[in-house]
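A look at the structure
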Amino acid sequence: MWMFRLLGQWFIGVLRDGGQMVIFLGSALFWTFVPPLKWRRMIGRIHFIGAKSLVIILLTGAFTGMVLGLQVFYTLAKFGSEAFLGPAVALSLIRELGPVLCALMVTGRAGSALTAEIGIMRITEQIDALTAMALNPMRYLIVPTILAGLIVFPLLTAIFDLVGIYGGYLVGVKLLGVGEGTYFGEMETYVVLRDITQGLLKSVSFGLLVTWVCCYKGFHTGYGAEGVSRATTEAVVLSSVLILVWDYFLGSVLL
Amino acid sequence: MVEIRNLHKSFRGQHVLKGVDLQVAKGEILVIIGRSGGGKSVLLRHLMGLVRQDKGEILIDGVEISGLRGSALDQLRERFGVVFQGGALFDSMTVFENVAFPLQEKSRLPEEAIREKTLTLLKQVGLSDMGHKYPAEVSGGMRKRVALARALTMEPEIVLFDEPTTGLDPIMVNAIHHLILDLHRRVGFTAVLVSHEIPEIFGIADRVAMLHEGTVVAAGTPEAIQASANPVVRQFITGDPEGPIHPN
């Protein structure tokens, strides 16, 4: 009996948290369309999420492309199809690995920091101070962050894809001897605009997902340093899991 | 000006406010005293509309505030200035930016006028040369003064002080109290101040109310409170460990 009670409590807790998260997102979306938009805050957030994540995106993008170049070449060589290395690397990156890995990296670097920052603002009464000044914290803190996520994620993903393709080129063409013309020529043949738009659409949805989860967890953080620490961990774990689940869901719908 | 009637509030089954009745007259300084965790800050948060009561009424100039939403609630909040317990300064902004922030967000003043007004406020709280520093770079007493300057930026009618002197040395406590008194005389706001600083608060209060176990057990002039025969009040102001208030 106690097992059913525990299961029921857990389920009600999940439903309550999920409901609160949806209400939070609904409120943020509502305030997005109520002018004036806090442009300066949004530009600051673009810098924080985007520009400051650039180095890690360049690094992970390059090495992901290089690993792909190596592994895909090895697999294709078994079938004598090394010529398709270019499109295999490009399609893997553009459709799947670029948006997903980029979102996971930005979650680790910027998402955790966003949760901690908003969480600290909560426990030090800075959010209450905004409310007491009749300034809506949703409009001031959350809306600029979500909008910045929507702008920055596809841009970072595009950079990740590009660097990854050149990483694959470096290994496939310069080290393993695939022809330069073959690598890019076959890529041009097999990669179509729809692949690119689908990849970027995914990254936009990841931008919304990560900023939503991280802002929500920070906004509803518990008490003290432990509360912020727990909120940050939950934000990163939940964002990462949701990225992978949503990626599968979106992939099966878009294919 | 402010009237609180039979206010009740519980958090997770804990009954914090058990029928608070309190009035604040226009222009007076009302100091609320009482033990830590006794619901004083919760009472202030009700006045700001940050917490909704379970039962009872809060009337500001005769208007019940718990029913207010959206822009009506914002208009009410614009009449308040708040000095939070820890200052609640925005740590990503300098002292100057913190004080100027409400003006930049809420007023239509040109940049030069905002700058002038901010500098005047910083001068009034004795921090003219600290504007470029971040909250983390100034002392606890300075942070409280910045918070006070920020609370006064929009020329509020009512200023709420949540333990504005906690954690400060006795000299700084008196300096902050004198500053509050001085600004009160000059600006003429109504003040509700939560404090543990006894006997210092008797020097600045027009009236004192003691909150104990969720209700107001005594309210009156500082002289009346000091002369009170109520054993709870007597024990609290003398700090005697023996009496009706158990130290734990």
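Being a predicted model, the structure only gives us computed values, none of them experimental.

1. What about the overall build of chain B?
- Looking only at helices and strands, one finds 8 helices and 10 strands in chain B.
- Overall, the C-alpha framework of chain B stretches about 55 × 40 × 35 Å when taken along its three principal axes.
- Pairs at least 24 residues apart make up 65% of the contacts formed inside chain B by residues separated by at least 6 positions.

2. What about the interface of chain A and chain B?
- With 10 residues of chain A at the contact, the number on the chain B side is 13 residues.
- When its residues are assigned to classes, the side of chain A that touches chain B shows 5 nonpolar, 3 polar and 2 charged.

3. Comments concerning the domain arrangement of chain B
- Taken domain by domain, chain B consists of domain 1 (1-79 + 192-248) and domain 2 (92-156).
- If you average the C-alpha positions of domain 1 of chain B and of domain 2 of chain B, the two centres end up 28 Å apart.

4. Observations concerning the environment of Ser 205 of chain A
Residues and elements named next belong to chain A.
- Counting through the fold element by element, Ser 205 comes out in helix α8 (residues 193-219).
- Given 20 C-beta atoms within 10 Å, Ser 205 falls into the buried group.
- Distance in space between the C-alpha atoms of Ser 205 and Leu 250 is 9.4 Å, their sequence separation being 45 residues.
- Ser 205 has contacts with Trp 246 and Leu 250, leaving out every residue within four places of it along the chain.

5. Quick look at the packing of helix α4 (residues 85-123) of chain A against helix α9 (residues 224-254) of chain A
Residue and element names in this part refer to chain A.
- Here α4 crosses α9 at 150°, and the two axes come no closer than 9 Å. Of the possible angle classes, the one that applies to α4 and α9 is roughly antiparallel. α4 and α9 meet at a crossing whose hand is right-handed. Residues Val 100, Ala 103, Leu 104, Thr 107, Gly 108, Gly 111, Ser 112, Thr 115, Ala 116, Gly 119, Ile 120 and Ile 123 of α4 lie in contact with α9, whose contacting residues are Gly 224, Gly 227, Val 228, Ala 231, Thr 232, Ala 235, Val 236, Ser 239, Ser 240, Ile 243 and Asp 247.
- Tallied by class, residues from the contact of α4 with α9 come to 11 nonpolar, 11 polar and 1 charged.

6. As for the environment of Val 191 of chain A
- Assignment of secondary structure puts Val 191 of chain A in the loop between α7 (180-190) and α8.
- Those residues in contact with Val 191 of chain A, other than ones at most four positions away along the chain, are Pro 87, Ala 90, Leu 91 and Ile 94 of chain A.

7. Regarding the sheet that holds strand β8 (residues 190-194) of chain B
Residues and elements named next belong to chain B.
- If you trace the 6 strands from one edge of the open sheet to the other, you get β6-β7-β8-β3-β9-β10, paired in mixed fashion. Looking along the sheet, the strands with just one partner apiece sit at the ends: β6 (80-83) and β10 (215-220). Looking at each pair of strands side by side, their axes are set apart by 15° on average, direction ignored.
- Pairing between strand β3 (residues 29-33) and β8: 4 bridges, direction parallel. Looking at the pairing, Leu 30 lines up with Val 192 of β8.

8. What to know about the environment of Gly 39 of chain B
- Topologically, Gly 39 of chain B is positioned in the loop between β3 and α1 (40-47).
- Take Gly 39 of chain B: there are 26 C-beta atoms within 10 Å of it, and that puts it in the buried class.

9. With respect to the packing of helix α5 (residues 140-152) of chain B against helix α6 (residues 170-187) of chain B
All names here are of chain B.
- Viewed as axis vectors pointing N to C, α5 and α6 meet at an angle of 15°, and their least axial separation amounts to 11 Å. Classed by the angle they form, the pair α5 and α6 counts as roughly parallel. Helix-helix and strand crossings are classified by hand; for α5 and α6 the assignment is right-handed. In this structure, α5 uses Gly 141, Lys 144, Arg 145, Leu 148 and Leu 152 to contact α6, whose residues at the interface are Met 172, Ile 176, Leu 179, Leu 183 and Val 187.
- Looking at side-chain class alone, the contact of α5 with α6 contains 7 nonpolar, 1 polar and 2 charged residues.

10. A closer look at the sheet that holds strand β4 (residues 55-60) of chain B
Residues and elements named next belong to chain B.
- Taken in spatial order, the 4 strands line up as β2-β1-β4-β5 in an open sheet, and their pairing is antiparallel. Each edge of the sheet is formed by a strand with only one pairing partner; in this case those strands are β2 (14-24) and β5 (63-64).
- Summarising the sheet, strand β1 (residues 2-11) and β4 pair through 5 bridges and their orientation is antiparallel. Bridge pairing in β4 places Ile 4 opposite Ile 58.
- Of the strands in this sheet, β1, β2 and β4 touch α1, which is tilted by about 60° from β2.

11. A short note on the pairing of β2 of chain B
Residues and elements named next belong to chain B.
- Bridging between β1 and β2 involves 8 bridges; their strand directions are antiparallel. By the bridge assignment for β2, Val 2 is matched with Val 24.
- Between the antiparallel neighbours β1 and β2 lie 2 residues, among them Arg 12 with a positive phi of about 45°.

12. Thoughts on the confidence of the model for chain B
Residues and elements named next belong to chain B.
- Mean pLDDT over chain B: 89, with 100% of residues reaching 70 or higher.
- Across chain B, element-level confidence peaks in β3 with a mean pLDDT of 94 and bottoms out in α6 with 86.
- Under the prediction, the complex receives an ipTM of 0.88, its pTM being 0.88.

Rules behind the numbers
- Residues numbered from 1 in each chain as written.
- Chains lettered and ligands numbered in written order.
- Predicted model: local features only at pLDDT ≥ 70, side-chain atom pairs only at ≥ 80, totals over all residues.
- Helix = DSSP H or I, 4+ residues; strand = E, 2+ residues; numbered from the N terminus.
- Contact = placed C-beta atoms within 7 Å.
- Nonpolar A, V, L, I, M, F, W, Y, C, P; charged D, E, K, R; others polar.
- Domains from an automatic or database assignment.
- Buried ≥ 20, exposed ≤ 12 C-beta atoms within 10 Å, placed from the backbone.
- Axes fitted to C-alpha atoms, helices over the stretch in contact; angles between N-to-C directions.
- Parallel < 35°, antiparallel > 145°, perpendicular 65-115°, else oblique.
- Left-handed = near helix turned anticlockwise from the far one by under 90°.
- Pairing = 2+ DSSP bridges.
- pLDDT = per-residue confidence, 0-100.

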